[in-house]
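What follows is each chain in one-letter form.
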Amino acid sequence: MTPIQKQLLSLALVLFSAAPGFGQTKPRTVVRLFWQDAADQSLRWGDVQQADTWSLAAETLTGFPKLDADKQAHVQMQVSEGMLLTAIHDTQEGAFQSGWVAVDTGVTKEEHGDHFHWHFNSPPVVRATRLDDQQGNPAHVYNYDGNFYLANDKKNGVTQVTVAGLRQHGGQQADRFISAGGGHITLAAVNNSVVYSTWIDREGDKLGQVDVVGLGSAAQSGYSFHLPSGGIHGATANSGRVFFAPADGICWVTADPTLSTRPQDVQVNHLAIGVDPQGTPLRTGAFTNHRNFVLFNTGRGETSKLCWLDAASPKPSIGQLELKIPPGASAGSPVAVRTRSGDDYALIFQECTDASVEEKLLVIELDPNRDGLFSDAKVARSLAVGASLIEGHSGHHELTTIAGNRFVVLTNPGDGTIWIVSLADWSVTAKFKVGGAPTRVVAVGS
């Protein structure tokens, strides 16, 4: 190499080393987050990026309807195949403006044989909006078999919103109303063929009633049957069975996707959970599916328990783990996750409105000996979290998994932060100050 060439090479190295970003890891988008802000009822989003450090640039979704925070509120939110659907509830029993908003998240999935890549090239856009005085004040939103189902409480029915419909015709032909259930409805759908919709009644002719209604070519045909107790406030489908949460224990039936069963032939199976100190039968209000298991909570305070049942078992039975929640606190619904190493966990927030009681995330190891059963489940640890901001049904912590179940993202409504927690060692990997009151959160592209 000539002296001139050596000088040019040295100069190039100096210029390159002085360039911005030299020696730094190029930022990589890990996931796109969407969260509901209970402070102003907006929908916010941001891409989580990882380089030498983690970052999150929070943005308010452009084009999202401006909600009246005194009269309207987000309720449940689900995501499927790059589409997000959030339901809106109003304080006037649906007479003001309730309904739903669908958002194309802008995240696409590229298949590569035995793996796939996520792309975050487009910002999210509002795909369809149904907000008026005819939507029946939905409170529950479900994702069954890739499509969305909303419980239209004040219309005594269910709205099915298909992802395919949202992508076609500007989303104008995406929804279909089905008369089924009544009051405060919970529901389960099976194979996009049939929906089980409940009545909340605790007395009278509708006590314990479940309406079974066909979808697709069997639309609106079906039958009804009754559980032994009313006040149904929970439903889910798993392993060819449908589970319900009435006032007494758990009930389940074999799913009937072809509507071939006569109502008088429906066999309702009942599982008792136990009784409280006053002798009242224990119950639950929400289910979480984790593979072939159905998880739920029961009891209050120091009598709180995490429960589970194997939906695929020939004779399902209920397992229980005492949580020993301190006075003044309550246990949120479990979120189940299987880590990259194959460990099964249930994550439960311990929350309260009393500042003297520490709010925590309980980490429950479901299957320590990995025998496929949860009989040895135990509370493995707890993590201190930020504050909640509980008012009615809003202001709770929420969480979701990201990065192939390597991390969880959790929200702290009381201090306007979002945290990332490692599932490998349960350390807090990053904290983001996003402001407002972040509550429900979903991840897309992880």
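Residues numbered from 1 in each chain as written. Predicted model: local features only at pLDDT ≥ 70, side-chain atom pairs only at ≥ 80, totals over all residues. Heavy atoms only, no water.

A. Looking closely at the overall build of the protein. Counting secondary structure elements, the protein contains two helices and 36 strands. A compact globule built from 446 residues would reach a C-alpha radius of gyration of about 22 Å, and the protein, at 24 Å, matches this within 12%. Dimensions along the principal axes, computed over C-alpha positions, put the protein at roughly 95 × 50 × 45 Å. Split into buried and exposed, the 446 residues of the protein put 49% on the buried side. The contacts of the protein with a sequence gap of at least 6 include a subset with a gap of at least 24, amounting to 48%. Accessible area for the protein stands at about 20,300 Å²; split by element, carbon and sulfur atoms hold 49% of it. (Helix = DSSP H or I, 4+ residues; strand = E, 2+ residues; numbered from the N terminus. Rg over C-alpha atoms; globule rule 2.2 N^0.38 Å. Buried < 20%, exposed > 50% of the residue type's maximum accessible area, 1.4 Å probe, protein only. Contact = heavy atoms within 4.5 Å. Areas by Shrake-Rupley, 256 points an atom, 1.4 Å probe, with all protein chains shown as cover.)

B. Focus on the sheet that holds strand S17 (residues 209–214). Ordered by their spatial adjacency, four strands build an open sheet running S15-S16-S17-S18, and the pairing between neighbours is antiparallel. At either margin of the open sheet sits one strand with a lone partner, and together these are strand S15 (187–190) and strand S18 (222–226). Recorded for the sheet is a direction-independent mean angle of 15° between the axes of neighbouring strands. Note: S17 against S18, five bridges, orientation antiparallel. What sits directly across from Val212, in S18, is Tyr223. (Pairing = 2+ DSSP bridges. Axes fitted to C-alpha atoms, helices over the stretch in contact; angles between N-to-C directions.)

C. Highlighting the confidence of the model for the protein. Of the residues in the protein, 95% have a pLDDT of 70 or more, and the chain-wide mean is 92. pLDDT under 50 marks residues 8–21. Its contacts with residues more than four places away, or in other chains, come to three contacts. (pLDDT = per-residue confidence, 0-100.)

D. Molecular detail of the layout of surface pockets. Here the second largest pocket is characterised by a volume of approximately 260 Å³. Forming the walls of the second largest pocket are 15 residues, and the residues nearest its centre are Arg28, Thr29, Val30, Ala403 and Arg406. Contributions of two or more residues to the lining of the second largest pocket are made by strand S1 (28–37) and strand S9 (115–119). Class assignment of the residues belonging to the lining of the second largest pocket gives a composition of seven nonpolar, six polar and two charged. (1 Å grid on protein atoms, 1.4 Å probe; cavity = no way out; pocket = protein on both sides within 12 Å on 5 of 7 lines; lining within 4 Å. Points joined across faces, edges and corners; volume = space filled by probe spheres on them. Nonpolar A, V, L, I, M, F, W, Y, C, P; charged D, E, K, R; others polar.)

E. Up close: the pairing of strand S32 (residues 399–402). Alignment of S32 against strand S33 (residues 407–412), held across four bridges, turns out to be antiparallel. Residue pairing in the sheet places Ile402 in a bridge with Phe407 of S33. Turn length for the S32-S33 hairpin, with the two strands adjacent in sequence and antiparallel, is four residues, and the turn residue Ala403 shows positive phi of about 55°.

F. Quick peek at the sheet that holds strand S19 (residues 235–238). The sheet built from four strands is open, its strands ordered S19-S20-S21-S22 with antiparallel pairing. At either margin of the open sheet sits one strand with a lone partner, and together these are S19 and strand S22 (269–271). Each adjacent strand pair in this sheet contributes to an overall mean axis angle of 25°, direction not counted.

G. Structural view of the nonpolar core. Membership of the largest hydrophobic core comes to 32 residues, with the highest contact counts inside it found for Tyr144, Tyr149, Leu187, Tyr196, Phe225, Val242 and Phe244. Here this core takes four residues from S15, the largest share from any one element. Not counting chain neighbours up to four residues away, the residues in contact with Phe225 comprise Tyr196, Gly208, Gln209, Val210, Val212, Phe244, Val253, Pro263, Val266 and Val268. (Core = buried A, V, L, I, M, F, W, Y, C linked by side-chain atoms within 4.5 Å.)

H. How the structure looks around the side chain of Gln72. Summarising the element assignment, Gln72 is placed in strand S5 (residues 72–80). The class for Gln72 is buried, based on a relative accessible area of 4%. Once residues within four sequence positions are removed from consideration, Gln72 is found in contact with Gln41, Leu67, Ile88, His89, Asp90, Phe96 and Gln97.

I. Examining the environment of Pro246 more closely. Counting through the fold element by element, Pro246 comes out in the loop between strand S20 (241–244) and strand S21 (250–254). The sequence separation of Pro246 and Arg283 amounts to 37 residues, and the corresponding C-alpha distance is 6.9 Å.

J. Main features of the packing of aromatic side chains. All told, the structure shown has twelve aromatic pairs when counted by the stated rule. Seen from their ring centres, Phe116 and Trp118 are 5.6 Å apart, and the 85° between their planes marks the pair as edge-to-face. By relative accessible area, Phe116 is classed as partly exposed at 38%. When its relative accessible area of 31% is taken as the criterion, Trp118 is described as partly exposed. Taken together, a centroid distance of 3.9 Å and an interplanar angle of 20° make the contact between Phe293 and Phe374 stacked. Within this pair, whereas Phe293 is found in strand S24 (residues 293–298), its partner Phe374 is found in the loop between strand S30 (360–365) and strand S31 (378–384), the two being separated by 81 residues in sequence. Look at Phe293 and you get buried, because its relative accessible area is 3%. Owing to a relative accessible area of 1%, Phe374 belongs among the buried residues under this scheme. (Phe/Tyr/Trp six-rings, centres within 6.5 Å; stacked < 30°, edge-to-face > 60°.)

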